[in-house]
Amino acid sequence: PRSTLFPYTTLFRSPVPVGPGKFPIGYQGYHTYAELTSELDALAAAHPNQVAVSSYGKSAQGRPLLLVKISDDVRTDKHEPEVLFSCAQHAREHLTVEMCLHIVKRLAQGYGTDPTITRLVRSREVWVAPMLNPDGAEYDISTGLFALWRKNRQPTPGSTDVGTDTNRNWGDEWACCGGSSANPGSDSYHGNAPFSAPETAQLRDWVNSRVIGGVEQITAHIDFHTFSELVLWPYGFTTDDTGPGLNASDAGAFRKLGEAMAASNGYTPEQSSHLYITDGSIGDWMWAQHHIWSYTMEMYPTSLTQGGFYPPANVIERETTRNDAAVDLLLNYADCVPRVTAAQLAAPVVTSDPDE
C-alpha cells in the first residue's frame with residue numbers, strides 16, 4: 001500500500017486549496033519547509049543549551065537539508081550513544097515531518113521538567129533529520145492541492161521523467177533483487193547509480209562522519225514513513241531472517257525491540273521483507289555499513305479510507321504522541337540493543353479506535 005497511487009477523489013471530497021505552496025483547508029496544521037525551519041529555529045533560540053539546528057548538505061534544488069541536535073550540552077561532542085530519527089524521505093508522507101518535529105519539541109521542552117526525558121537527554125545525543133526530501137515535499141503541495149508525489153525532484157539524465165526514490169537509492173544491495181525499478185517514470189525508481197541522489201549521498205556522508213576513532217557513534221535509528229502502522233527491521237532485500245553481517249542473535253534482538261516498540265503503539269512488527277522486497281533502502285544500509293540498529297516505522301493510518309498518505313491535521317497530535325513510548329524505548333536501549341533480549345518488557349498494547 002505504501003507505494004500505490006490511488007484516486008483520492010473517489011474516496012474523499014477534494015481538498016479546498018488556500019494558495020500555491022500551502023496546505024489545503026483541513027491540513028493547515030502540517031508544516032511547509034519554511035514553517036518547519038522557522039519552528040526549529042525558535043526551539044533552538046528558546047533552548048540554546050539543548051537544541052542546535054544545522055544542515056548536512058543541500059537538496060537537488062539547493063535547499064539546506066535540516067539537521068537538529070538535542071543534548072544536555074549541545075555544543076559538546078560527548079562520548080554517549082547517538083540516536084538518529086529521520087523523516088520524509090518520501091515527499092507525500094507529511095505526517096512524518098510532524099513526527100520528527102514532535103520529537104524535537106518533546107525532548108527540548110521536557111528537559112529539566114520530565115524525569116524520563118531529562119535522563120534520556122543527559123545520557124544520549126539525539127539527532128533529528130526532519131525532512132530528508134524537501135524538494136519533493138514542497139512540490140507535493142506546490143499547487144495548493146496534493147500531487148501524490150513520492151520521489152525527489154532531481155532531473156534524470158536522458159529522460160524527461162523527474163525524480164529518484166531516495167529510499168531505493170542507498171548503496172547496500174542497490175537494485176539487486178527486484179525491490180525497486182530501473183524505469184525513471186516509476187515511483188520506486190532507484191536512480192542511475194547508488195547514491196546518485198544528493199539527498200542520500202549527503203546523509204550517507206554525514207553518517208560516515210560520525211565514525212570517530214574507528215567507532216560509529218550512531219547506534220540506533222528510526223526512519224519514519226506512512227502509512228500502514230508497522231515496525232520494520234532489516235533486511236528488506238531478502239526474506240531470510242539472517243544475511244550478510246546479520247546473524248541469528250542480531251535478528252533476535254531486532255525482533256525483540258521491534259516487538260516491544262510495536263506493543264507500545266499498536267503497530268504490527270515484522271521484518272521488512274516479509275511485507276515486500278525492497279533493495280537500496282536506508283535501513284539495510286545503516287545496518288550493513290555500520291551495524292546501526294535501524295528501524296522503519298510506517299505511521300497512521302492503516303487504510304485509504306482513514307486518509308492514506310493524507311490524513312487530516314486533526315490527527316497530528318494523537319498520532320505523534322502515540323509513538324512517544326517507542327521513541328523512549330529506542331533511546332533507552334541505544335547503549336546496547338542486544339540487552340533487550342534479556343529484558344522483561346511489558347509495555348501496554350495500544351490499539352486504534354475501532355470507530356475511526
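Our subject is the structure that appears above.
The shown structure was predicted, so the numbers you read here are calculated from the model rather than taken from an experiment.

A.B. asks: What should I look at first to understand the overall build of the chain in this one?
C.D. replies: A count of helical and extended segments in the chain gives ten helices and ten strands. Computed over C-alpha atoms, the radius of gyration of the chain comes to 19 Å, within 12% of the 21 Å expected from 2.2 N^0.38 for 356 residues, which places it in the range of a compact globule. Taking the principal axes of its C-alpha atoms as reference, the chain extends roughly 50 × 45 × 45 Å. Of all 356 residues assigned to the chain, the portion counted as buried reaches 58%. In the chain, once contacts between residues fewer than 6 apart in sequence are set aside, the share between residues at least 24 apart is 77%. When the accessible surface of the chain is totalled, it reaches about 13500 Å², and 52% of it is carbon and sulfur.

A.B. asks: Any chance you could explain the packing of helix α1 (residues 33-46) against helix α2 (residues 94-110) here in plain terms?
C.D. replies: The geometry of a pair of packed helices is captured by two quantities: the angle between their axes and the separation between those axes. Interhelical geometry of α1 versus α2 gives an angle of 10° and a closest axis separation of 11 Å. In terms of their interaxial angle, α1 and α2 are classed as roughly parallel. Taken together, the residues of α2 that come into contact with α1 (itself represented by L36, E39, L40 and L43) are V97, L101, V104, K105 and Q109.

A.B. asks: Honestly, the pattern of salt bridges in this entry has me stumped. Any pointers?
C.D. replies: Side-chain pairing between opposite charges can occur once the charged atoms of the two side chains come close. All told, the structure shown has 17 salt bridges when counted by the stated rule. In this structure, E259 and R255 form a salt bridge, with 3.6 Å as the shortest nitrogen-oxygen distance. Of the two residues, E259 and R255 are both situated in helix α6 (residues 248-265); the distance of four residues between them amounts to about one turn of the helix. With relative accessibility at 34%, the residue E259 sits in the partly exposed group. Taking the relative accessible area as the measure of exposure, R255 reaches 32% and is therefore partly exposed.

A.B. asks: So what exactly am I meant to see when it comes to a nonpolar patch on the surface here?
C.D. replies: On the surface, V16, V18 and I25 cluster together to form a nonpolar patch covering roughly 240 Å² of accessible area. With respect to the element layout, V16 can be found in the segment before α1. Overall, the relative accessible area of 47% leaves V16 in the partly exposed class.

Rules and cut-offs
- Residues numbered from 1 in each chain as written.
- Predicted model: local features only at pLDDT ≥ 70, side-chain atom pairs only at ≥ 80, totals over all residues.
- Heavy atoms only, no water.
- Helix = DSSP H or I, 4+ residues; strand = E, 2+ residues; numbered from the N terminus.
- Rg over C-alpha atoms; globule rule 2.2 N^0.38 Å.
- Buried < 20%, exposed > 50% of the residue type's maximum accessible area, 1.4 Å probe, protein only.
- Contact = heavy atoms within 4.5 Å.
- Areas by Shrake-Rupley, 256 points an atom, 1.4 Å probe, with all protein chains shown as cover.
- Axes fitted to C-alpha atoms, helices over the stretch in contact; angles between N-to-C directions.
- Parallel < 35°, antiparallel > 145°, perpendicular 65-115°, else oblique.
- Salt bridge = Lys/Arg side-chain N within 4 Å of Asp/Glu carboxyl O.
- Patch = residues over 30% accessible without salt bridge, like charges linked within 9 Å, V, L, I, M, F, W, Y side chains within 5 Å.

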